[in-house]
Amino acid sequence: MVAFVSSFYISGSPLSSMAANCVSKVELSISCNNLLDKDVGSKSDPLCVLLQSIGDDKWTEVERTERVKNCQDPEFSTKLHIDYHFEKVQKLKFGVYDIDNKSVNLSDDDFLGGFECTLGQIVSSRKITRPLQLKAGKPAGKGTITVTADETKDNRAIVMEVEAKNLDKKDMFGKSDPFLEFFKQEEDGKWQLVHRTEVIKNNLNPSWKKFTVSLHTFCSGDLNKPIKVSKGFYVEFDCIHPEKQKKKKSYKNSGCCSISYSCRIAQYSFLDYVMGGCQINFTVGIDFTGSNGDPRSPDSLHYLSPNGVNQYLSAIWSVGQVVQDYDTDKLFPAFGFGAQVPPDFKVSHEFPLNFNPSSPYCQGVQGIVDAYRMVLPQIRLYGPTNFSPIINHVARIAAGAAQQPNAAQYFVLLIITDGEITDLDQTRQSIVNGSKLPMSIIIVGVGEADFKAMEFLDGDNGVLKSLTGEPAARDIVQFVPFKQFDKAPKEALAQSVLAEVPNQLVSYFKMRNMAPREPKLC
């Protein structure tokens, strides 16, 4: 058995508030399997680098792992950290390289394969394994990369000095070359490498360099989480108080800190629910009232420009591209309201864009766009502008999900409209009812109309109440006028309208006293 003499203390300071729209920081653990062998006479020495898109097909490096020598199946101990924003599409690129020199420039190193995805795809799955590619359509042999996401919730760190005495001699012609590996236990019972010390050559009484590891990396912030060191035995640390140690020669310690199983009380975050498998279901409601103007006229808000877009489609793309990463089947219900609909051309305030009431789903955001373009020449724009039917439709589905005993589903309704709402009183009641359900409502106003009623529904100036005086249980509405973002970057609209959704989701499950489900690791 190895005997350890160690100092053990926690360092850190109170958390400073993050930027208003940054939900949290995410830590990514990387491992690879079956990497290509580029070295002659030995295996590759891989390193993984993380890049983030900054637009226009340009990328910037975020962080990189350590280099692992002679290994085709590396598990990197260095974690990669990145700010997570729900309201953005954060495109990432992972590149694995065979490092044969000391240069930080990767251009002269062999490329072993890469993988592109969004951060939303990673956190919504919690753990993903994908094949590596040398370029689009060209696999890197049988190489794969596995990325596991964890939320970093605090900035505390553990600082340790470790030494060992009288280790066994393992080498035939010399003393051992010892090093330590620390592992934490995952929710599924598996052990994940969190730190590897340096190797000390030919020494049976090693003293490793002092090292610092974030408390989140080391034990997921839980001091009672089991930690395995090297061969699986548990370690008991002396807790040293430096001042007492100086004053008392007979001082031994201030007690011992041992690692054992324990329950953890948490303030659950948006990522806790998403990584626990909570699906975010996206529904679209589109205003086809006559005030939009004849779609064949360039003055109409429904007019498709020569490049095939308008404000309605821009809003669908902007919001949908973010939300789709959090819905596994990518089937999105899409409805219209305020139009005369074939075959009898009666006014409808809740008709599916695909004209299929039993299955109003569109495949992905592109499916919504295709359905919109298909339905536009087949309907007659009319009126009035009623919101309550489409809100009640989503509320009925959300009410069914609310009967589930776990935090499995949440619903986001995007309404795009051009004018004053007609059924304000009914809509107020629908929103108050919906505030008790797992749903949020986003309203995007297109055109130049007066949107004072929408701002009233938003509730930013006070709690929204129904006509009878019943207050909303929580704020679930976010309204923005499209014209504010007409000349802004294309992602700015989504960042504004989706910024409140994470807190709205958490507030609902907190109100219901529902913890996240256990994360599914695929």
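Model, not experiment: these values are computed from the prediction.

Sheet architecture is open: three strands sit in the order S20-S19-S23, paired in antiparallel fashion. Every interior strand has two partners, whereas the edge strands, strand S20 (346-348) and strand S23 (380-381), have only one. Sheet topology places strand S19 (residues 339-341) next to S20; three bridges connect them, and they run antiparallel. Across the sheet, Gln340 pairs through a bridge with Val347, a residue of S20.

The subject of this paragraph is the packing of aromatic side chains. Under the criterion given, the structure shown has 16 aromatic pairs. When the ring of Phe182 is compared with that of Phe211, the centres are 5.6 Å apart and the planes differ by 55°; the resulting orientation is tilted. Of the two residues, Phe182 sits in strand S11 (residues 181-185) while Phe211 sits in strand S13 (residues 211-214), which places them 29 residues apart along the sequence. Measuring from ring centre to ring centre gives 5.6 Å for Phe282 and Phe332, while their planes differ by 75°; the resulting arrangement is edge-to-face.

Averaged over the protein, the pLDDT score is 85; the fraction of residues at 70 or greater is 86%. Predicted confidence for residues 1-22 stays below pLDDT 50, and this span has 55 contacts to residues more than four positions away or in other chains. Here residues 254-266 is modelled with pLDDT under 50, and outside its nearest four sequence neighbours on either side it reaches 35 contacts, counting other chains as well.

At a closest axis distance of 9 Å, the pairing of helix H7 (residues 388-401) and helix H8 (residues 424-434) adopts a crossing angle of 15°. Classified by the interaxial angle, the pair formed by H7 and H8 is roughly parallel. Considering the relative orientation of H7 and H8, their crossing is left-handed. Residues Ser388, Ile391 and Asn392 of H7 touch H8, and the partners they reach there are Gln426, Thr427, Ser430 and Ile431. In terms of residue class, the contact of H7 with H8 is built from two nonpolar, five polar and no charged.

Right, let's get into the environment of Gly364. Its location among the elements puts Gly364 in helix H6 (residues 364-375). The contact partners of Gly364, leaving out residues within four places of it in the chain, are Lys330 and Phe332.

Right, let's talk about the pattern of salt bridges for a bit. Applying the stated criterion to the full structure yields 13 salt bridges. Asp150 is the salt-bridge partner of Arg126, the closest N and O atoms lying 3.5 Å from each other. Of the two residues, Arg126 is situated in the loop between helix H1 (119-125) and strand S8 (127-135) and Asp150 in strand S9 (residues 138-152); the sequence distance between them amounts to 24 residues. Per residue, the accessibility class of Arg126 equals that of Asp150, and both read buried. The salt bridge involving Arg396 is made with Glu350; its shortest N-O contact spans 3.4 Å. Of the two residues, Arg396 sits in helix H7 while Glu350 sits in the loop between S20 and strand S21 (351-352), which places them 46 residues apart along the sequence. What you see here is one network of salt bridges that share partners, running through Glu66, Glu181 and Arg196.

Thresholds, definitions, all that
Residues numbered from 1 in each chain as written. Predicted model: local features only at pLDDT ≥ 70, side-chain atom pairs only at ≥ 80, totals over all residues. Heavy atoms only, no water. Pairing = 2+ DSSP bridges. Helix = DSSP H or I, 4+ residues; strand = E, 2+ residues; numbered from the N terminus. Phe/Tyr/Trp six-rings, centres within 6.5 Å; stacked < 30°, edge-to-face > 60°. pLDDT = per-residue confidence, 0-100. Contact = heavy atoms within 4.5 Å. Axes fitted to C-alpha atoms, helices over the stretch in contact; angles between N-to-C directions. Parallel < 35°, antiparallel > 145°, perpendicular 65-115°, else oblique. Left-handed = near helix turned anticlockwise from the far one by under 90°. Nonpolar A, V, L, I, M, F, W, Y, C, P; charged D, E, K, R; others polar. Salt bridge = Lys/Arg side-chain N within 4 Å of Asp/Glu carboxyl O. Buried < 20%, exposed > 50% of the residue type's maximum accessible area, 1.4 Å probe, protein only.

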